[in-house]
Structure formats: structure tokens, C-alpha cells
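Fold and geometry: a report
In case you want the letters, here they are:
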Amino acid sequence: MLKLITAVVVALGLQGCLPLPTPYVSTSATTFQGENHTSRGSILIAPIDKTQQDSLEFKTVSAYVLQKLVEQGYTKSNTASSQFTAYVTYGIDNGKTTISSIPIAGQTGGGPTYSTGTITSGGRTSSYSGSGYTMPTYGMIGTMTDSDTEYKRVLNIDIFQNNNNQKPNKVYEIKAVSTGSCGNINSILYLIIDGAFKNFPGENGKTRRINADWNGSC
């Protein structure tokens, strides 16, 4: 029994020395490809929501998206006469909270025992006391509740090829979805953008799953 207890203590001690897992952001990215999607040229970033046009936040995000597009062979443009236009939108929901019941394990019986009492015999009374030990038993001694909120973060990028006053030709639909405990999209948006362009464009319509290390700051 002593060897077993010692082994358990040593195992717990080693477990305490193990490094904590590195937090990460997981992104599911899907790219749909249109005709002539391999063509490249000058590209302009524009918001789908026109109210974001002068937003400093959108300008910062769009600059990062543009950087990723340049890495894919496009060239930067700031004019409406660009050969391509990329419309960008992103957002986060209000989160879904799940409440769960977690069992609490502990000792349910056994261990040291103590007893005291009196004995009467032949008109004489005497007291006694004693101690003993029985093998402990373990099981569920109660429950506790835990709540977990998960947020859905979404990034959409639609890229059109402009055709001289004719209807633009959509060449890419990029959809990236990430779920997790961080409810501040600005803390993880750039990792989602990285995921959207990882192994770009990938197989047409096939979802790619990308995990990126995250500093855990939300």
C-alpha cells in the first residue's frame, strides 16, 4: 500500500512540472473559386458596410488583408480604377453560454475510527476508549456548476475582377469562421485573417482547418 501511495504522489509531482498547453485560435477557412481566379493585378480594399469607410479600425484591418493579398501576387491600389476589388466584412455574435454540472470526488467512508464508552459489571463501572482504522472508500460527494461561453467570429472577403463598366466577375469567396472563449474579435482577428490565407486558395469549396498559436490575451 505504501508503494502505491508513493507512486501516486510522484506521478502528481511530475504532472505539476509539465508545461501548460499553448493557447491557440482555430479557424475553418473555405475558399470558392470563380472563372479566371488565378489572374492577378491591382486591387482595392473596400467595406461592404459603407459606414465603415472612414473607420480607423477598418483601415487597420483592411491594411492587413491587403498585405496578405499582396503576398498572393496582387498589387496595392488606392483608386477605383483598380483591376480587382476586395470587399471585406467581419463580426462576432453575442456568444452561447453552456452551464454544466461537475461532480466532486472525495472520501465517502473509512479512515481512523475512535470509540469511547462505559462498562458496568458487578456494580462497578469503568470507562474505556480505543481507536482503529478501516480502508477508506471514495466516490462522489457533491457537484458544482460551471459556465462556459463560446463566441462565433466570422470573416468574409469577396474579390471581384472589374470589367470596364460591365458587371464585375467574382473570382473568390473567402469565408473564415472561428469559435472560442474570447469575445473580443480585435484580439484574434489577425489570426483569423492568417488562417484565411494559409495555403490559399486551397481546393475549391473544401474547408481547411488552421490552428495558430495565441498569447491568450483577450
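What comes next is a walk through the structure. (Residues numbered from 1 in each chain as written. Predicted model: local features only at pLDDT ≥ 70, side-chain atom pairs only at ≥ 80, totals over all residues. Heavy atoms only, no water.)

**Re the overall build of the protein**
Broken down by element type, the protein carries three helices and eight strands. Shown N-terminal to C-terminal, the secondary structure of the protein runs as helices and strands in the order α-β-β-α-β-β-β-β-β-α-β. Of all 218 residues assigned to the protein, the portion counted as buried reaches 27%. Counting contacts in the protein only where the partners sit at least 6 residues apart, residues at least 24 apart contribute 77% of the total. For the protein, the exposed surface amounts to about 14300 Å²; the carbon and sulfur share of it is 52%. (Helix = DSSP H or I, 4+ residues; strand = E, 2+ residues; numbered from the N terminus. Buried < 20%, exposed > 50% of the residue type's maximum accessible area, 1.4 Å probe, protein only. Contact = heavy atoms within 4.5 Å. Areas by Shrake-Rupley, 256 points an atom, 1.4 Å probe, with all protein chains shown as cover.)

**Quick word on the pairing of strand E8 (residues 207-213)**
For a regular strand, side chains alternate in direction, first toward one face of the sheet and then toward the other. On E8, burial follows the alternation: Arg208, Ile210 and Ala212 on one face are buried, whereas Thr207, Arg209, Asn211 and Asp213 on the facing-out side are not. Pairing of strand E1 (residues 24-33) with E8, which is carried by seven bridges, proceeds in the antiparallel orientation. The partner of Thr27 across the bridge, within E8, is Ile210. (Pairing = 2+ DSSP bridges.)

**A closer look at the packing of helix H2 (residues 56-71) against helix H3 (residues 185-196)**
The N-to-C vectors of H2 and H3 enclose an angle of 20°; their axes lie 10 Å apart at closest approach. With respect to each other, H2 and H3 are oriented roughly parallel. The element H2 and its partner H3 pack so that their crossing is right-handed. On the side of H2, the interface is formed by Glu57, Thr60, Val61, Tyr64, Val65 and Lys68, while H3 contributes Asn186, Leu189, Tyr190, Ile193 and Asp194. Of the residues belonging to the contact of H2 with H3, the class tally is six nonpolar, two polar and three charged. (Axes fitted to C-alpha atoms, helices over the stretch in contact; angles between N-to-C directions. Parallel < 35°, antiparallel > 145°, perpendicular 65-115°, else oblique. Left-handed = near helix turned anticlockwise from the far one by under 90°. Nonpolar A, V, L, I, M, F, W, Y, C, P; charged D, E, K, R; others polar.)

**Notes on the pattern of salt bridges**
In this structure the tally under the stated criterion is five salt bridges. Here Lys170 and Glu173 are joined by a salt bridge, their closest N and O atoms 2.9 Å apart. Two residues, Glu203 and Lys206, come together in a salt bridge whose shortest N-O distance is 3.9 Å. Classification of Glu203 by relative accessible area gives exposed; the value is 53%. Exposure remark for Lys206: the relative accessible area of 48% places this residue in the partly exposed category. Beyond isolated ion pairs, a larger network of salt bridges with shared partners links Lys68, Glu71 and Asp194. (Salt bridge = Lys/Arg side-chain N within 4 Å of Asp/Glu carboxyl O.)

**Let's talk about the state of the cysteines**
Linking two cysteines covalently through their sulfur atoms gives a disulfide. This structure, assessed with the given rule, holds one disulfide. The partner cysteine of Cys182 in its disulfide is Cys218, sulfur to sulfur 2.1 Å. Taking the torsion about the sulfur-sulfur bond, which here is approximately 95°, the covalent link between Cys182 and Cys218 counts as right-handed. Of the two residues, Cys182 sits in the loop between strand E7 (166-180) and H3 while Cys218 sits in the segment after E8, which places them 36 residues apart along the sequence. (Disulfide = S-S within 2.5 Å.)

Take it as geometry only, folks, not as evidence of what the structure does.
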